[in-house]
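In case you want the letters, here they are:
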Amino acid sequence: MAAEQTQGSRQSRSQLRQMLAIGAIVSILGIALGLLIDWFPVQASGEAKKIDTLWDVLIIVSVPVFVLVQTIVLYSVWKFRMKPGEELKDGPPIHGNTKLEIWWTAIPATVLVGLCSYAYVVLHDIESASADATMNVRVVGEQFTWTFGYPGQNGGKEVLSNELYLPVGTEVKFTVQSKDVIHDFWVPAFREKIDAVPGINTTYSVKTIREGDYPVVCAELCGLGHSTMRQTAHVVAKADFDAWLQKQRSGGAQAGGQAAAGGAQAGPADGKALFTTSAQPVACGSCHALADAGTTATTGPNLDDVLKGKDAAFIRTSITDPEAEVAKGFSTGIMPQYGDSLDPKQVDALVKYLQDVAGK
Ligand code: CUA
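Please read these numbers as outputs of a predicted model, since none were measured by experiment.

Student: Tell me about the sheet that holds strand β1 (residues 135-142), and please be specific about residues and values.
Tutor: Pairing within the open sheet is mixed, and its 5 strands lie in the order β3-β2-β1-β5-β8. Both outer strands of the open sheet, β3 (159-161) and β8 (202-207), are each paired with one neighbouring strand and no more. Across the sheet, the mean angle separating the axes of adjacent strands is 25° when strand polarity is ignored. Bridge analysis of β1 against strand β5 (residues 171-178) gives 7 bridges, and the strand direction is parallel. Residue pairing in the sheet places R138 in a bridge with T175 of β5.

Student: Let's hear about the pattern of salt bridges: which residues, and what values?
Tutor: According to the stated counting rule, one finds 7 salt bridges in the structure shown. The shortest N-O distance in the salt bridge between D52 and R191 comes to 2.8 Å. Residue D52 is found in helix α2 (residues 46-79), and its partner R191 is found in the loop between β6 (183-186) and β7 (193-196); the two are separated by 139 residues along the sequence. We note that D52, like R191, is buried. Two residues, D348 and R316, come together in a salt bridge whose shortest N-O distance is 2.9 Å.

Student: Break down a nonpolar patch on the surface for me, citing the residues and quoting the values.
Tutor: Side chains of V65, V69, V73, L74 and V77 sit close together on the surface and give an oily, nonpolar patch of about 450 Å² of accessible area. By secondary structure assignment, the location of V65 is in helix α2. Overall, V65 belongs to the partly exposed group, its relative accessible area being 47%.

Student: Give a description of helix α8 (residues 344-359) that names residues and reports values.
Tutor: Because an α-helix completes one turn every 3.6 residues, residues spaced three or four positions apart along the sequence face the same direction. Three or more residues of α8 are buried, namely Q346, V347, A349, L350, V351, Y353, L354, A358 and G359. Check the buried side of α8 and you find it contacts α5 (271-276), β11 (289-290), α6 (303-306) and α7 (312-320).

Student: Could you give me a rundown of the environment of H183, with the residues and numbers involved?
Tutor: Positionally, H183 belongs in strand β6. When the C-alpha positions of H183 and I194 are compared, they lie 8.6 Å apart, and in sequence the two are 11 residues distant. Residues within four places of H183 in sequence aside, it is in contact with G141, E142, Q143, W146, S178, I194, D195, A196, C218, E220, C222 and M229. Engagement of the side chain of H183 in a polar contact is seen with the side chain of D180, the distance being 2.8 Å.

Student: How would you summarise the nonpolar core if you had to cite specific residues and measurements?
Tutor: Of all hydrophobic cores here, the largest spans 32 residues; its most connected members are V137, Y150, L164, F174 and F185. Going through the elements one at a time, β1, β2 (145-150), β4 (164-167), β5, β8, β9 (212-218), β10 (230-236) and α4 (238-254) are the ones with two or more residues in this core. Ignoring anything within four residues of it in the chain, the contact list for L164 reads V137, F148, Y150, F174, F185, V216, T232, A233 and H234. If you look at the next biggest cluster of nonpolar residues, it comprises 18 residues, including C284, A293, L307 and L342.

Student: Could you give an account of the packing of α2 against helix α3 (residues 98-128), naming the residues involved and the relevant values?
Tutor: A pair of packed helices can be characterised by two numbers: the angle between their axes and the separation between those axes. Look at α2 against α3: their axes get within 10 Å of each other, and the N-to-C directions meet at 175°. In terms of orientation, α2 lies roughly antiparallel with respect to α3. Counted together, E47, K50, I51, T53, L54, V57, L58 and V61 of α2 and V111, L115, Y118, A119, V122, D125 and I126 of α3 form the full contact between these two elements. Tallied by class, the residues present in the contact of α2 with α3 amount to 11 nonpolar, 1 polar and 3 charged.

Conventions and cut-offs
- Residues numbered from 1 in each chain as written.
- Predicted model: local features only at pLDDT ≥ 70, side-chain atom pairs only at ≥ 80, totals over all residues.
- Heavy atoms only, no water.
- Pairing = 2+ DSSP bridges.
- Helix = DSSP H or I, 4+ residues; strand = E, 2+ residues; numbered from the N terminus.
- Axes fitted to C-alpha atoms, helices over the stretch in contact; angles between N-to-C directions.
- Salt bridge = Lys/Arg side-chain N within 4 Å of Asp/Glu carboxyl O.
- Buried < 20%, exposed > 50% of the residue type's maximum accessible area, 1.4 Å probe, protein only.
- Patch = residues over 30% accessible without salt bridge, like charges linked within 9 Å, V, L, I, M, F, W, Y side chains within 5 Å.
- Areas by Shrake-Rupley, 256 points an atom, 1.4 Å probe, with all protein chains shown as cover.
- Contact = heavy atoms within 4.5 Å.
- Polar contact = N/O pair within 3.5 Å; in protein donor to acceptor, adjacent residues only side chain to side chain.
- Core = buried A, V, L, I, M, F, W, Y, C linked by side-chain atoms within 4.5 Å.
- Parallel < 35°, antiparallel > 145°, perpendicular 65-115°, else oblique.
- Nonpolar A, V, L, I, M, F, W, Y, C, P; charged D, E, K, R; others polar.

Now the structure itself:
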């Protein structure tokens, strides 16, 4: 009987060694794979580096935990499976193992407390950078576009733009707001994101460290046009940024402080260009189908159908006050009132174009 027990414990020790060996090899492979995979876009902010390092540490710590648990489960399923003739056996009675239970509680608890503390330090570090911000940008979300506000010169009129321009090497604080529902301001290359909530200001700051163009995304399902709520963040040299802002200031004054409205890409007199441009806030074609413009989107009504036989006044109202009459089968609250974000010349051009190609 005693000899049988010794043989049993020797056997289980060798099984344990086998499991640990398999677990160690797979853990190393898993960590290597986890660190090799290119998970994120380029690091365009100082915060991105800290966040990516936190990610790498999480990979290094959590892969072995996952591998260990899976190895034990799979090994046990295979090794201790029921063999023919054992159908009625119950296995030996086991009444717990205090030492083992202390270890498997203490180790995960220590790992968790350690990781939480580290994550807290990284978060605190990133959030306290707001105090050093030397530049403020107001970010306003609405269905379905972002508008960026830059403080005016010497307390002058705020400059509004639909493109986000930032100087490189600058700590920028974003104050995020919403005109309607909850959106979420996210530039993946900066790594940080925050909800735009109606009625309150939310903030975060990033230090721009790399010139380039990076997508701005809405990361909160906010309605039918959610997927079209994409713009571009241009991180440029300080001198280029100053020149751009100066241009917006003088241009903005002429247009009565209106949003940039895709200005350069779409001449104000060209209704078709305004319709088809992908520059917000126009981008009509990203929601509406129109044969002449070659667009096929189905988020909003097909304009060849709904504008047939309509006069200029109807088309104008549809652009400036879309709630006045909503096409059958479509919901209210989807299309923004473009009277706010287009200048009168652009509205005229769009009305003329739409009446020419669809109204007749
Ligand atoms: Cu705004 Cu999704």
